[in-house]
Structures are given as structure tokens and as C-alpha cells.
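One letter stands for each residue in the lines below.
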Amino acid sequence: MDLDLTDEQRLIQETAREFVDREIVPRARDSDRAARFDRELAASLGEMGYLGAPVAEEYGGRSLDYTSYGLIVEEVGRGDSSMRTVVSVQTSLVCGSIERWGTEDQKRHWLPRLCSGEALGCFGLTEPDTGSDAASVRTRAERVDGGWRLSGQKMWISLGNQAELALIFAQTDPEAKHKGLACFLVPTATKGFASQEIHGKLGLRASDTASIALDEVEVADDALLGDVGDGFKIAMTALDAGRYSVAAGCVGICEGCVQASVSYATERRQFGVPIATFQLVQELIADMVVKRDAARLLVRRAGILKDQAKPNTTETSIAKLFATEAAVECANAAIQVHGGSGYVDDHPVERYLRDARVTTLYEGTSQIHKLIIGRDATGINAMTPLRAGES
Ligand SMILES: Cc1cc2nc3c(=O)[nH]c(=O)nc-3n(C[C@H](O)[C@H](O)[C@H](O)COP(=O)(O)OP(=O)(O)OC[C@H]3O[C@@H](n4cnc5c(N)ncnc54)[C@H](O)[C@@H]3O)c2cc1C
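Cut-offs applied
Residues numbered from 1 in each chain as written. Predicted model: local features only at pLDDT ≥ 70, side-chain atom pairs only at ≥ 80, totals over all residues. Heavy atoms only, no water. Helix = DSSP H or I, 4+ residues; strand = E, 2+ residues; numbered from the N terminus. Rg over C-alpha atoms; globule rule 2.2 N^0.38 Å. Buried < 20%, exposed > 50% of the residue type's maximum accessible area, 1.4 Å probe, protein only. Contact = heavy atoms within 4.5 Å. Areas by Shrake-Rupley, 256 points an atom, 1.4 Å probe, with all protein chains shown as cover. Axes fitted to C-alpha atoms, helices over the stretch in contact; angles between N-to-C directions. Parallel < 35°, antiparallel > 145°, perpendicular 65-115°, else oblique. Left-handed = near helix turned anticlockwise from the far one by under 90°. Nonpolar A, V, L, I, M, F, W, Y, C, P; charged D, E, K, R; others polar. Core = buried A, V, L, I, M, F, W, Y, C linked by side-chain atoms within 4.5 Å. Phe/Tyr/Trp six-rings, centres within 6.5 Å; stacked < 30°, edge-to-face > 60°. Lys NZ or Arg CZ within 6 Å of the ring centre and 35° of its normal. Pairing = 2+ DSSP bridges.

**Some words on the overall build of the chain**
In step 1: Looking only at helices and strands, one finds 10 helices and 10 strands in the chain.
In step 2: Since a compact globule built from 391 residues should have a radius of gyration of about 21 Å, the 21 Å found for the chain is in line with a globular shape.
In step 3: Principal-axis analysis of the C-alpha atoms gives the chain an extent of 80 × 55 × 45 Å.
In step 4: Considering the chain as a whole, with its 391 residues, one finds that 53% of them fall into the buried category.
In step 5: Within the chain, contacts between residues at least 6 apart in sequence are counted, and of these 73% link residues at least 24 apart.
In step 6: For the chain, the accessible area works out to roughly 17600 Å², and carbon and sulfur atoms hold 50% of it.

Structure follows, in C-alpha cells:
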């Protein structure tokens, strides 16, 4: 596996780094304090081509490889995870699903607007009673003349209040279980679609998170993405891409923690010397460096496998599990390096910790990823509890 970046990938990385330092870093603290979603900045991400980087150019994307996409997401994640969420949801979950499963008309209608940032999309899988057990979606899709009627509730949907388009996963036939799931492209202006902002989040305060109510929302036949019964496959392939993106963003958090900690430790003096002189402080930083590098290499491996179109579900889970846990640990250690100064938002490290915390929960909790990795290693599915008499 060749881990060297090409000249083009380096240029993409450098450009993203400069953009993040110029446009995202200076706004991150104020947006976090105000719990304000910065739509203008989201539009700038679109102008840079960061909202659909791997999407084919003919649909408004940049036709970039996954390695390059990961480099962009890492930089945005270093700057602000709330903005990284926009990139991940829009690119991996929404655009990626439409490009892979959509009809030519669906692609031509939605992708150019999504890639440019003119429209935002959200991914409506989770429900109040359906989280890790995604196959148990309860939102109903019933056949009506010329289309479908959707009723139900969605929970924790990133960009749900801002989006013009919602991918809604719904059950067409409860008896068929996951084989009855379908995915619909629902314009959020459709009658019966209502969203509400979720307040009081620990982190990702500048990210928009919504609960969604679908009250007999009617869509035409051409709103169906893929076929009836494809919903579960669409969700799982989207999450394979989304998890890669979350993992790359977490490498950015680890990188930000290292940079902030080195900078602080070499300037802050105690006992007459910079605190970086103390071995115990160096240990905190060395542990961060090791976790950052390991996370980055795991993300790189997953990206290369994706670029080679090789199976990568387990490798993506490994990268997601490791990088998200590493981000939490690095942010916690970075606060320690900063002492009391790390406890307030003069430095980015307390935000890094609050923002990193959700990454071990969404796009598959750490437990779910351990079960995916364990299933691959043992051949035994430990995800679903066995009932008496089952083997
Ligand atoms: C800020 C935020 C943004 C989000 N954005 C989106 C979005 O855009 N779209 C979307 O669809 N969803 C989104 N989510 C939802 C997220 O994906 C879910 O929260 C996640 O899948 C976990 O589901 P849950 O919260 O219902 O937890 P549960 O599934 O109820 O899990 C609770 C606990 O039980 C454990 N558990 C569950 N099943 C098992 C098992 N089989 N074995 C071992 N342990 C298990 C879990 O690991 C966890 O520790 C978001 C969530 C948050 C917080």
C-alpha cells in the first residue's frame, strides 16, 4: 500500500489548510458560543468544492479520490467539527447516496445544487425509538395514487432545520422487516414536513440538529431512491462513507490538539522553565502524537481501499472506532496540558473535547463498531441477541 501523497493530493491538502485557517478557525469560537449555524460559511465550503468533492464533475462535484476527500475533511475537522459535519453529511451521506443509487434525473436535479452549496441535504435514518438497530425504522411509507405517503418521526438529524432536501428512510411493509425499507428524496418544503431544533447539546453547538415530524407527507413515485427494499443497503453504504468522513475529521481534532498543546507547552513557564521541559507533559503530548499518527494511517488505509473499490467495511469501522476514541482522548489530554487555561474557550481544546464526544456515538457507536470488527474476526454476529431456541 503506497501511503505517499501525490503532488495533486498535497496541493489539495495545502489549499484546504489555508482555507480553514483563513475562514473557519477565526469564526469557530463565536459560532460555538452563539450556538449559531453559519450558513454563509457552509456556502463557502460549497464554493471551494468541499460539499461534493468525490462526486463526478458532470454532476457538479470535483471527481476527487477518497484520499483527497479525507485530507480536506481532516483540515475542516481541525478547524471546526460543526462545519466538518456539514461536509460529512452533505458529501458522504446525501450526495454519495444520490450518486450511487439515483436515477439520471434525480442526479441531474439534486447533485449540482447540493455540491455547490445552493441547497443543503440531511439524512433521516434515526428515530426516537430506532438508533443502533437501524433496520427497525418505524416511519411508514404507504402507497397512494402516483406516489407515497410518509408518516413518522426522525430524531437527531444533522442539518434537519437547514436542509432543502431530506433523505427519509421509511418502512413500506413491516412484515418484510429490513427488506421492506425504502429511501425517499423529500423536499423539506413539502406539506406535512416539520422540523424542530434540538437545543442544549454538549458539543457541535454550531451544528444544526433537528427532530423531524412527517405528517402524511406525500411524494411522487420519482422521489423513491433505488427500489423498494433497497433502503437498508442505501443506509449502510452511506454510513460506510460517512464513517470514513467522521474518522478523517477526528484525525483533524487530534492534529489540532497536538498543535495547540505544543504551542502552549513551549510558551507557558512554571518553575522557571517552559512546561514542555517536564517529562510528564511530554508524555501527554507524545501519547497524542502516537494516537494522531495511528488514526491518520488507519484513515489513509480505508481511503486507499475505497479508491481501489475493494471491500472496506471492517477497515472503515476500525478507522472510525480508533480515530473517534483517539480524538476524545487527545482532547482530554490537551486540556490537561493547558491546565486551567484549557477549561475555557480562549483555546480550542475544550471545544475539541465537547465536539469529539459525539463522534463515538453517531454513525455507529463504538460498541457497534467493535461488533462489526468482532464479526469479521470470528464470523459470529453478536449484534442481535439470541432468543431461546435460536442458534
Ligand atoms: C449530534 C448528533 C447528530 C446526529 N446526526 C444524525 C443524522 O444526521 N442522521 C441520523 O439518522 N442520525 C443522526 N444521529 C443519530 C445517531 O446516529 C444515533 O444517536 C446513534 O446511531 C445511536 O443511536 P441511539 O442514540 O438511539 O443509541 P442506542 O442505539 O439506543 O444505544 C444506546 C447504547 O446502547 C448500546 N447498544 C445498542 N445496541 C447494542 C448492541 N447490539 N450491542 C452492544 N451495545 C449496544 C450503544 O452502543 C449505546 O452505548 C445523530 C446523533 C447526534 C447525537
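There is more to say, and it comes next.
**Comments concerning the packing of helix H1 (residues 7-34) against helix H3 (residues 66-79)**
In step 1: Interhelical geometry of H1 versus H3 gives an angle of 20° and a closest axis separation of 8 Å. As far as their axial angle goes, H3 and H1 are roughly parallel. Here H1 and H3 pass one another in a crossing that is right-handed. Seen from H1, the contacting residues are Gln9, Ile12, Gln13, Ala16, Arg17, Val20, Asp21, Ile24, Val25 and Ala28; seen from H3, they are Thr67, Ser68, Leu71, Ile72, Glu75, Val76, Arg78 and Gly79.
In step 2: Of the residues contributing to the contact of H1 with H3, the split by class is 9 nonpolar, 5 polar and 4 charged.

**Remarks on the nonpolar core**
In step 1: In this structure, Leu45, Val86, Phe123, Leu150, Leu167, Phe184 and Met288 are the most contacted members of the largest nonpolar core, which totals 108 residues.
In step 2: When residues of this core are assigned to their parent elements, the largest contribution, 17 residues, is made by helix H6 (residues 231-267).
In step 3: If sequence neighbours within four positions are ignored, Val86 has contacts with Phe37, Ala42, Leu45, Leu51, Thr91, Leu120 and Leu159.

**Focus on the packing of aromatic side chains**
In step 1: This model, assessed by the stated rule, comprises 7 aromatic pairs.
In step 2: Residues Phe271 and Phe278 carry aromatic rings whose centres are separated by 6.1 Å and whose planes lie at 90° to one another, so their mutual orientation is edge-to-face.
In step 3: What links up through ring pairs into an aromatic cluster is the set Tyr66, Tyr69 and Tyr244.
In step 4: Here the basic side chain of Lys306 rests over the ring of Tyr66, its NZ or CZ set 5.9 Å away from the ring centre.
In step 5: Over the ring of Tyr352 we find Arg351, and its NZ or CZ is 5.8 Å from the ring centre.

**Here's the deal with the pairing of strand E2 (residues 140-144)**
In step 1: Note: E2 against strand E3 (residues 147-158), 5 bridges, orientation antiparallel. Each bridged residue has a counterpart across the sheet, and for Glu142 the counterpart in E3 is Arg149.
In step 2: Between E2 and the antiparallel strand that follows it, E3, lie 2 residues; Gly146 among them carries a positive phi value of about 80°.

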